[in-house]
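Structural overview for review
For reference, the chains in residue letters:
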Amino acid sequence: MASGITVTDEVVAAYDEVKQKHLYKYVTFRVSNCETKIIVENKVKESTWEEFQASFPADAAYWSVYDFDYKNKEGQDRNKLILVSWCPDTIKIKAKMMHSSSSDALKKKCPATPIQANDRDELNFDEVRDKILKTSQFTKCPRSKHQFSLFILTMNLC
């Protein structure tokens, strides 16, 4: 369901400042007071995961793009861009519906691993990391291997 709320160019630029330029650890977005667009709420250069968790208010819905640092299963340092959709149970129904119906527009303009959270417990570092590990796993496709073998065989025949 689309809300008619637009994603501003400022939001897309802030997303790029996190994703490509690494100028910020995270950027937070919200619906504007006039309820017609998604705007940038704040930009944070340095933050721990705990500080990031604590930044979400109990009385308002937000989105945040966060540069998530973690170790993969082999113990190597990695990072992944996540899009946290923060919508606490304590806010009014209208605000929840507006937030929910506007999330797709933001996801299209600011692609990242989605994380839905209604309370701080859902922003547990280990659970977020596990979700990233599950979505980041390389899956082998037998058809691709077959096509590669066929390509090698064809090259040998020429």
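This text follows the structure it describes.
Attention in this report is confined to the structure presented alongside it. Predicted model, so just to flag it, every value in this text is computed and none were measured.

Some points on the side chain of His 99
Among the secondary structure elements, His 99 is positioned in helix H3 (residues 93-109). Among the polar contacts made by the side chain of His 99, one reaches the side chain of Ser 85 at a distance of 2.8 Å.

Let's talk about the sheet that holds strand E6 (residues 113-117)
The strands making up a sheet associate through hydrogen bonds between their backbones, and the pairing can be parallel or antiparallel. Ordered by their spatial adjacency, six strands build an open sheet running E1-E3-E2-E4-E5-E6, and the pairing between neighbours is mixed. Edge positions in the sheet fall to strand E1 (6-7) and E6, since each has one partner strand and no second. With ten bridges joining them, strand E4 (residues 62-71) and strand E5 (residues 77-86) adopt antiparallel strand pairing. Pairing of Lys 71 across the sheet is with Asp 77, part of E5.

Section: the pattern of salt bridges
Enumeration according to the criterion identifies seven salt bridges in this entry. Asp 69 is the salt-bridge partner of Lys 25, the closest N and O atoms lying 2.5 Å from each other. Taken as a pair, Lys 25 in the loop between helix H1 (9-19) and strand E2 (26-31) and Asp 69 in strand E4 lie far apart in primary sequence, 44 residues in all. Taking relative accessible area as the criterion, Asp 69 reaches 41% and is therefore assigned partly exposed. The salt bridge involving Glu 35 is made with Lys 94; its shortest N-O contact spans 3.3 Å. Taken together, the residues Glu 35 in the loop between E2 and strand E3 (37-44) and Lys 94 in helix H3 connect sequence positions 59 residues apart. Owing to a relative accessible area of 37%, Glu 35 belongs among the partly exposed residues under this scheme. Residue class for Lys 94 comes out exposed when judged on its relative accessible area of 53%. Each of Asp 126, Arg 129 and Asp 130 takes part in salt bridges that share partners, so that together they form one network.

About the criteria used
Residues numbered from 1 in each chain as written. Predicted model: local features only at pLDDT ≥ 70, side-chain atom pairs only at ≥ 80, totals over all residues. Heavy atoms only, no water. Helix = DSSP H or I, 4+ residues; strand = E, 2+ residues; numbered from the N terminus. Polar contact = N/O pair within 3.5 Å; in protein donor to acceptor, adjacent residues only side chain to side chain. Pairing = 2+ DSSP bridges. Salt bridge = Lys/Arg side-chain N within 4 Å of Asp/Glu carboxyl O. Buried < 20%, exposed > 50% of the residue type's maximum accessible area, 1.4 Å probe, protein only.

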